[in-house]
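# Structural overview
Each chain is listed here by its residues.
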Amino acid sequence: MELKIKINLFLLFIFFVNNSFSKSSLKVLATNQDPNKIRFLSNEGKYIYYQKRSGDLLLASNFKIYEVLKGERNTQYIIYSSSIRKRLIIEKNNSFQLISNIGKNKEIFIINFGGKTPFFVGKGSSPQLHLEDNWVSYFNSYENIISFKNVNDSKLKFKVKISNKINPFFIPQKEMLNKSSIIYTDLNKKGYSGLIHHNFKKSKSKVLLKSKEQNEKIELCKNEKYLFVGIFAMDLKSNKSQILYQKINSEPNNHFETLYQSKTNDIGNIECRYKNDFIYFVKNIKLNKNKEGFEIAKINIKNKKLSIVSDLDFTTQIIAMDGKLLTTKDGEFYLLEGVNNLSSKEFLNQGKK
């Protein structure tokens, strides 16, 4: 009798666990390969970059497999793209399971979109493509230097040293406005975040925006039309979030228009390049019994209408990958927007290797 009661209680527990997580209406990204191995998937499935446990990065294209980079066992790769589809950035982390510092320097390579021959750019973190994929930037946390390099001309390069000396985990956000003008985030000696415009030709810097509290972070995102600035609290007890914007000009100014503000502690992670007239971010929502959850929200810039585009209860990532907008949860990639098809049959039996 006691055993029967225990079994019934166990089955009842399983029932509540299974029903406490609602099924998402979002589609899981369709692939012919383990999604955890994929590092980049072109929209039509023509180019698929994936890594093996051996530490190699491979390209599957036109029913052939090419070796892109070799690495030690368990080397981890991240590939960054833009909507221009001209080049890709490959970030190679040789000590992924040995050093947990998010700001540690990794090897950074540039490769043509769909190409198989990368060239080394430098060592750092937070790499990014700029200006029609003709420029690349990255941050060296040990030297506190942001580097900007022209992909076509190695002589064209700039460096800016940030002021931050109090937060070893701080990684600046950065955008290029033109060939000699940038904006980036920094921390002053009191821990306040600032948005700074620097003109390399004039050798002048100007503070465009400053956080009102020490626990606020500033995020940047730029597309063809707008410059967006997100201000989000890093303290869970602070209940306010804000997104500002201005139209792209030859010189940025400190006159930002408010696009969104809330008394909720949003995560942020703003994404504005998927569609020029929309911005996406991770918004704090209330679940049952006032429990906090996080979903992906988007705002229409034209009418400032906000809508929730995910239904996973707790998700924090937004990934724009060549015509697809994705998020992740529990090892699955969910399609937020875009076409969920894979016309290419590139992988064949490579998953068994």
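Residues numbered from 1 in each chain as written. Predicted model: local features only at pLDDT ≥ 70, side-chain atom pairs only at ≥ 80, totals over all residues. Heavy atoms only, no water.

Within the protein chain, the regular secondary structure consists of 1 helix and 27 strands. Out of the 353 residues belonging to the protein chain, those deemed buried represent 48%. The contacts of the protein chain with a sequence gap of at least 6 include a subset with a gap of at least 24, amounting to 40%. Total accessible area on the protein chain stands at roughly 19200 Å², and carbon and sulfur atoms take up 52% of it. (Helix = DSSP H or I, 4+ residues; strand = E, 2+ residues; numbered from the N terminus. Buried < 20%, exposed > 50% of the residue type's maximum accessible area, 1.4 Å probe, protein only. Contact = heavy atoms within 4.5 Å. Areas by Shrake-Rupley, 256 points an atom, 1.4 Å probe, with all protein chains shown as cover.)

The subject of this paragraph is the confidence of the model for the protein chain. In the predicted model, the protein chain carries a mean pLDDT of 87, and the fraction of residues at 70 or more is 87%. In the predicted structure, residues 1–22 sits below a pLDDT of 50 and forms 1 contact with residues beyond four places in sequence or in another chain. Confidence over residues 343–353 falls short of pLDDT 50; this stretch has 30 contacts with residues more than four positions distant or in other chains. (pLDDT = per-residue confidence, 0-100.)

By the criterion of burial, strand S17 (residues 216–222) is predominantly enclosed, with 6 of the 7 residues buried. Bridge count between S17 and strand S18 (residues 226–233): 7 bridges; the pairing is antiparallel. Across the sheet, the residue bridging to Cys221 is Phe228, located in S18. Counted along the chain from S17 to the antiparallel partner S18, the turn is 3 residues long. (Pairing = 2+ DSSP bridges.)

Turning to the sheet that holds strand S27 (residues 332–337), a few remarks are in order. Ordered by their spatial adjacency, 4 strands build an open sheet running S1-S27-S26-S25, and the pairing between neighbours is antiparallel. The sheet is open, and its two borders are formed by strand S1 (27–28) and strand S25 (319–321), each paired with just one other strand. With 3 bridges connecting them, S25 and strand S26 (residues 324–329) associate as antiparallel partners. Its bridge partner lying in S26, Ala320 is registered against Leu325.

Taken together, 4 strands build an open sheet; the order of strands is S13-S14-S15-S16 and the sheet is antiparallel. Whereas interior strands pair on both sides, the edge strands pair on one side only; in this sheet they are strand S13 (174–178) and strand S16 (204–210). This sheet shows a mean twist of 25° between the axes of neighbouring strands, independent of strand direction. Bridging between strand S14 (residues 181–187) and strand S15 (residues 193–199) involves 7 bridges; their strand directions are antiparallel. Residue pairing for S15: Ile183 is matched across the bridge by His197. (Axes fitted to C-alpha atoms, helices over the stretch in contact; angles between N-to-C directions.)

A few words now on the pattern of salt bridges. Per the stated rule, a full pass over the model turns up 13 salt bridges. A salt bridge links Glu216 to Lys240; the shortest N-O distance between them is 3.6 Å. Linking Glu216 in strand S17 with Lys240 in the loop between S18 and strand S19 (241–247), this pair joins segments that are 24 residues apart in sequence. A residue is classified by how much of its surface remains accessible, and Lys240, at 33% relative accessible area, is partly exposed. Lys302 is paired through a salt bridge with Asp277; the nearest N and O atoms lie 3.8 Å apart. With Lys302 in the loop between strand S23 (292–300) and strand S24 (306–308) and Asp277 in the loop between strand S21 (268–271) and strand S22 (278–286), this pair connects stretches of sequence that are 25 residues apart. (Salt bridge = Lys/Arg side-chain N within 4 Å of Asp/Glu carboxyl O.)

This part is about the packing of aromatic side chains. Throughout the structure, instances matching the rule amount to 13 aromatic pairs. Members of the aromatic cluster, joined through ring pairs, are Phe40, Tyr47, Tyr49 and Phe113. It is Lys210 that lies over the ring of Tyr192; its NZ or CZ is 5.4 Å from the centre. One residue, Lys298, lies across the ring of Phe278, its end atom 4.8 Å from the ring centre. (Phe/Tyr/Trp six-rings, centres within 6.5 Å; stacked < 30°, edge-to-face > 60°. Lys NZ or Arg CZ within 6 Å of the ring centre and 35° of its normal.)

In this section: the environment of Ser211. Structurally, the position occupied by Ser211 is in the loop between S16 and S17. What makes Ser211 buried here is its relative accessible area of 5%. On a C-alpha basis, the gap between Ser211 and Leu187 in space is 9.6 Å, while along the polypeptide they are 24 residues apart. The contact partners of Ser211, leaving out residues within four places of it in the chain, are Tyr192, Ser193, Glu216 and Ile218. In terms of polar contacts, Ser211 uses its side chain to reach the backbone carbonyl oxygen of Glu213, at 3.1 Å. (Polar contact = N/O pair within 3.5 Å; in protein donor to acceptor, adjacent residues only side chain to side chain.)

A few words now on the side chain of Ser262. Inspection of the secondary structure puts Ser262 in strand S20 (residues 257–262). Discounting chain neighbours no more than four positions away, the residues touching Ser262 are Asn239, Lys240, Ser241 and Lys283.

The backbone phi angle of Asn62 is positive, close to 55°, even though this residue is not glycine. For Asn62, the position within the fold is in the loop between strand S4 (57–61) and strand S5 (64–69). Residue class for Asn62 comes out partly exposed when judged on its relative accessible area of 48%. Even without a glycine there, the phi angle at Lys304 is positive, about 60°. Along the chain, Lys304 falls in the loop between S23 and S24. Its relative accessible area of 36% is what places Lys304 among the partly exposed residues.

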